[in-house]
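# Close look at the chain arrangement
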Amino acid sequence: MAIKRLVPQARLVTLIGVGGVGKTRLAQRVAGDLRRAFHDGVWLVELAALRDPALIAQVAAAALGLHDRSAAWNVDTLAEHVADRQLLMVLDNCEHLLETSAGLVGALLRTAPGVRVLATSRQPLGLPGEHVVAVDPLSVPAAETAAAPADLMRYEAVNLFVERATAAAPGFVLDDHNAEAVARLCARLEGLPLGIELAAVKMRALSPQQIVDRLDERYGLLRTGTAVGEPRQQTLEALFDWSHSLCSPDERRLWARVSVFTGGFGLQAAEEVCSGDGLDRDRIAELLAALVDKSIVARVSANGDGSRYRLLDMIRDYGRRRLAESGEEEPLRRRHRDYYQRLAEQIAAQWFTAEEVAAVHRLQVEFPNLRAALDFSVDHDEPGPGNGGLRLAASLWFGWRAVGLVREGRRRLDRLLAIDRSPTPERARALVAAGWLAGIQEDHETATAMFTEAHALGTRLQDAWVLAHVAQFTAHLAMAEGDVARAAELLEQAQVAHRAADDRVGLAITLVRLGLAVSELGDVARACALAEEFQALAERHSSRRLEAYGRWALSVIMWQAGDAGRADAEARHSIRLHWADDDQLGAAYGLEVLAWIAAREGRAERAAFLLGGLQQLWQRPGTPLAGHAYLTVHHRDCQADARGALGDTAFDRAFAQGGRCGHDALMAYALEESRKAAEAPPEPADDAPELTPREREVAELVAQGMTNKRIAAALVIAPRTAEGHVEHILTKLGFTSRAQIAAWYTGQRATTSHAPSA
């Protein structure tokens, strides 16, 4: 394939073509084939659902696994971060963000010589050195061809139609009776893959000739031309019109209404948002199933919350136009906003409970809809009490950080606060949320100003929640600035207020911070008592997240008290809990303590290796021990002690080895589950069978720290398939954890580069 040969050589290749021509599919295929050619991987950055150009660097960073928890990610800092990487970035669907996409790519090309970009767009990015490749429609026979079936199969469009038609109607065979109709149909659709796939699904009920007849009879303008749009777009629009005409009135109405969702939706959401005004709630499931059968709605996954559905963007846009024509668009979008406001509040109630892992997953899945709901609020909410946008954004205060979207949370809150300055409870809580996020980003001046206004407004409104959180978060700023005594005083006030309000989340965060503060002041006995209290709170509410952070705080308390053994045990416990939830940043805090202990005990090579691995993890928030800056003195002391013991050359070698280590292998080494695991990657059983080439590919990605979802994206396979490969690898090698796979693969790849002995 010419494109596959071009991409490794050219810095920027842009695939251009009309919508529905298959640019994305081709880019993913090329990326999958080239994955081995890029040492630091192939990464897909999907822009179709992004509407705010200012967030493009954050979206790209998230796609690269760099969850945003600081103000660091803009196009320049992202380019600097990957400056020494060798990777391929697939930037998909750039056309609606052309200028911003060009800015991002331009920064990458200037700063990162090892980075290649494969973009898809309806027009070029317009950068120097850009290689533009036009993606043509599939090859088609002449409209009136009378070729034999075997000859028709030489055409790409016919091949695709036959493949999809056979899937839709298993008894279908291309033969002398239907060959001419298939040829005419593919020619009429001008080889557009999306149009061909939509037509092929009609084979469930119609013959090829019937499909052609209906296209010809209903859309004669397609033969004669029209002033509106390009012919290919007209043909696809005609196909949507035709699909729409085949739906019942209620199916058409639901098609239009579900177009308010972005990125997918569940049955419950459809029932609550789309029912009423002529559609009974108890019929939504039935109508949705009918739209799935007609391939208008796709059933994309099933999880603990039931099936999930989505519309292709072009089908969604068509539905949105129909919704606007009906006069229902604004009421439906308001109901959509209100539903996701309630959802955000439900999720907020799950933090520090047994449901928190599911809450994080739900937030990640639903953020496209939450963004759409916030966008609606910006355009349509009236200032004053009950402002839905402020209420929604403030409800997400902990969620913005939990899913790594601190910067976006600040931007949205700042915008909503600027629009509505009314002295309402919604504004007070939004100020608290925005101030907390500003503090995480170390923008202390802005955070202080927001907390000052929130305190004044909370006092005026007698809002105990606002006043308690202002005290708590102001204490965070005081800790970061070194005023530990003031921080402890504020935290004492906050914990009294949180207890009075029975605020589980506020109390949990306050107790952990207060324990650390009094420990820093030298009151170890009080710190230990607080540690016991927040561990009891975690146990009472079955919160693994709170237990993990609480164990880490206790490890710091024990470290400061001089009990390295207890500190080591608590840090390891914290790491295991965080790693079980795929919380790499949370695990990094525990790894810090293990590095400090190693340096103090004279295990300098281990300390250097761990510090090198931590450098990868701390790049996400932009600074070591983000949010706990007063502890960075221990990080600096650890590094100085290890370098002093080893000398520059040996330290740099061990540090670099840690930096190259995959995350799972790093955890296996750090936790030292056995002496063998601490000294070298585990070996498979003597009689372990060989892995298949695909299984070795999966093992390599596991060693890079990828989740099953990211493995599936990298290899362009289904997540379930990726999960199956991992299970087969574990079985074949006699292992029980992904960390063992990672460590084994690392050893297989370079037996001379094992982790240093502990």
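Structure shown above.
This section reports on the structure supplied with the text. Nothing here was measured: the structure is a model prediction, and the numbers come from that model. Residues take numbers from 1 onward in each chain, read along the sequence in its written order. Reporting of local features is limited, given that this is a predicted model, to residues whose pLDDT is at least 70; pairs of side-chain atoms are given and counted only at 80 or more, and all residues count toward the totals for whole chains, interfaces and linings. As a convention, hydrogens and water are excluded, and side-chain values are obtained from all of the structure's heavy atoms.

### Regarding the overall build of the protein
- A count of helical and extended segments in the protein gives 39 helices and 8 strands.
- Working definition: with a 1.4 Å probe on protein chains only, accessible area under 20% of the residue-type maximum means buried, over 50% means exposed, and in between means partly exposed. A total of 758 residues make up the protein; the buried ones form 55% of that total.
- Nonlocal contacts in the protein, meaning residues at least 24 apart in sequence, comprise 71% of its contacts between residues at least 6 apart.
- For the area figures, the Shrake-Rupley method with a 1.4 Å probe applies, and any residue is considered shielded solely by the protein chains shown. Accessible surface, the protein: about 31200 Å² in total, of which carbon and sulfur atoms supply 49%. Helix and strand assignments follow DSSP, with helices taken as H or I runs no shorter than four residues and strands as E runs no shorter than two, numbered in order from the N terminus. Note on contacts: a residue pair is in contact if any heavy atoms of the two residues lie within 4.5 Å.

### A look at the sheet that holds strand E3 (residues 87-92)
- The strand order across the open sheet formed by 5 strands is E2-E3-E4-E1-E5, and the pairing between neighbours is parallel. The open sheet has two edge strands with one neighbour each: strand E2 (42-46) and strand E5 (131-134). This sheet shows a mean twist of 20° between the axes of neighbouring strands, independent of strand direction.
- Strand pairing requires that DSSP identify at least two bridges connecting the strands. Relative to E3, E2 is paired through 5 bridges, and the arrangement is parallel. When the bridges of E3 are listed, Val-45 appears paired with Leu-91.
- Relative to the sheet, helix H2 (residues 23-34) contacts strand E1 (12-16), E2, E3 and strand E4 (115-121), its axis offset from that of E4 by approximately 160°. The axes are straight lines fitted to the C-alpha atoms, using for helices just the contacting stretch, and the angles between their N-to-C directions are given from 0 to 180°.

### Things to note about the pattern of salt bridges
- Basic side-chain nitrogens of Lys or Arg form a salt bridge, by our definition, when they fall within 4 Å of a carboxyl oxygen of Asp or Glu. What the rule picks out here adds up to 39 salt bridges.
- Among the ionic pairs, Lys-294 bridges to Glu-251, the shortest N-O distance being 3.2 Å. One end of the pair, Lys-294, is in the loop between helix H15 (284-293) and strand E7 (298-303); the other, Glu-251, is in helix H13 (residues 249-258), and 43 residues separate them in sequence.
- Given a relative accessible area of 25%, Lys-294 falls into the partly exposed group.
- For Glu-251, a relative accessible area of 9% corresponds to the buried category.
- Glu-533 is the salt-bridge partner of Arg-499, the closest N and O atoms lying 2.4 Å from each other. Of this pair, Arg-499 sits in helix H25 (residues 484-501) while Glu-533 sits in helix H27 (residues 524-540), and the two are 34 residues apart along the sequence.
- By relative accessible area, which is 40% here, Arg-499 ends up partly exposed.
- Through salt bridges with shared partners, a single ionic network connects Arg-25, Glu-163, Arg-164 and Glu-197.

### Side note on helix H23 (residues 444-461)
- Spanning 18 residues, H23 covers 25 Å between terminal C-alpha atoms, matching the ideal 26 Å at 1.5 Å per step.
- Buried positions along H23 lie against helix H21 (406-419), helix H22 (425-440) and helix H24 (464-480).
- Two residues or fewer after H23 comes Gln-462, characterised by a positive phi angle close to 55°. An expected span of 1.5 Å times one less than the residue number is assigned to each helix.

### So, the nonpolar core
- Side-chain atoms within 4.5 Å link the members of a nonpolar core, which is a set of buried Ala, Val, Leu, Ile, Met, Phe, Trp, Tyr and Cys residues. Ranked by size, the top nonpolar core spans 204 residues in total, and within it Leu-91 and Leu-591 carry the most contacts.
- It is helix H30 (residues 584-600) that provides the largest number of residues to this core, a total of 12 residues.
- Apart from the residues lying within four places of it in its own chain, the contact partners of Leu-591 are Ile-575, Leu-610, Leu-614, Leu-617, Leu-666, Met-667 and Ala-670.

### With respect to the packing of aromatic side chains
- The pairing test for Phe, Tyr and Trp rings, Trp by its six-membered ring, is centres within 6.5 Å, and the orientation test on the planes gives stacked under 30 degrees, edge-to-face over 60, and tilted for anything in between. Throughout the structure, instances matching the rule amount to 22 aromatic pairs.
- With a centroid separation of 6.5 Å and an interplanar angle of 80°, the aromatic rings of Phe-261 and Tyr-340 are classed as edge-to-face. You can see Phe-261 sitting in the loop between H13 and strand E6 (265-266) and its partner Tyr-340 sitting in helix H17 (residues 329-348), a full 79 residues away along the chain. An identical accessibility class is assigned to Phe-261 and Tyr-340; each is buried.
- Both rings, one in Trp-397 and one in Trp-465, keep their centres 6.4 Å apart while their planes meet at 75°; by these two values the pair is edge-to-face. Taken together, the positions of Trp-397 in helix H20 (residues 397-402) and Trp-465 in helix H24 put the pair 68 residues apart, joining distant regions of the chain.
- One aromatic cluster in this structure is built from Trp-351, Phe-352, Trp-397, Phe-398, Trp-436, Phe-451, Trp-465 and Phe-473.
- Criterion for a charge above a ring: Lys NZ or Arg CZ within 6 Å of the ring centre, and within 35 degrees of the ring normal. A cation over a ring is seen here: Arg-600 above Trp-559, with NZ or CZ 3.7 Å from the ring centre.

### Details of H17
- Its 20 residues give H17 an end-to-end C-alpha distance of 28 Å, which sits within 8% of 28 Å, the value for a rise of 1.5 Å per residue.
- Looking only at H17, the buried set comprises Leu-332, Arg-333, His-336, Arg-337, Tyr-339, Tyr-340, Gln-341, Leu-343, Ala-344 and Ile-347.
- Residues of H17 that are buried in the fold lie against H13, helix H14 (267-274), helix H16 (313-326), helix H18 (356-380) and helix H19 (388-395).

### Some details on the packing of helix H32 (residues 632-646) against helix H33 (residues 648-660)
- Between H32 and H33, the least distance of the axes is 6 Å, while the angle of their chain directions is 125°. Between H32 and H33, the angle is such that the two are oblique. When you trace H32 past H33, the crossing you get is right-handed. Taking contact as the criterion, the partners of Gln-639, Ala-642, Arg-643 and Leu-646 in H32 are, on H33, Asp-648, Ala-650, Phe-651 and Asp-652. When an angle is under 35 degrees it counts as roughly parallel; over 145 it counts as roughly antiparallel; between 65 and 115 it counts as roughly perpendicular; any other value is oblique. Here is the rule for handedness: rotate from the far helix to the near one, and if that takes an anticlockwise turn smaller than a right angle the crossing is left-handed, while a clockwise turn gives right-handed.

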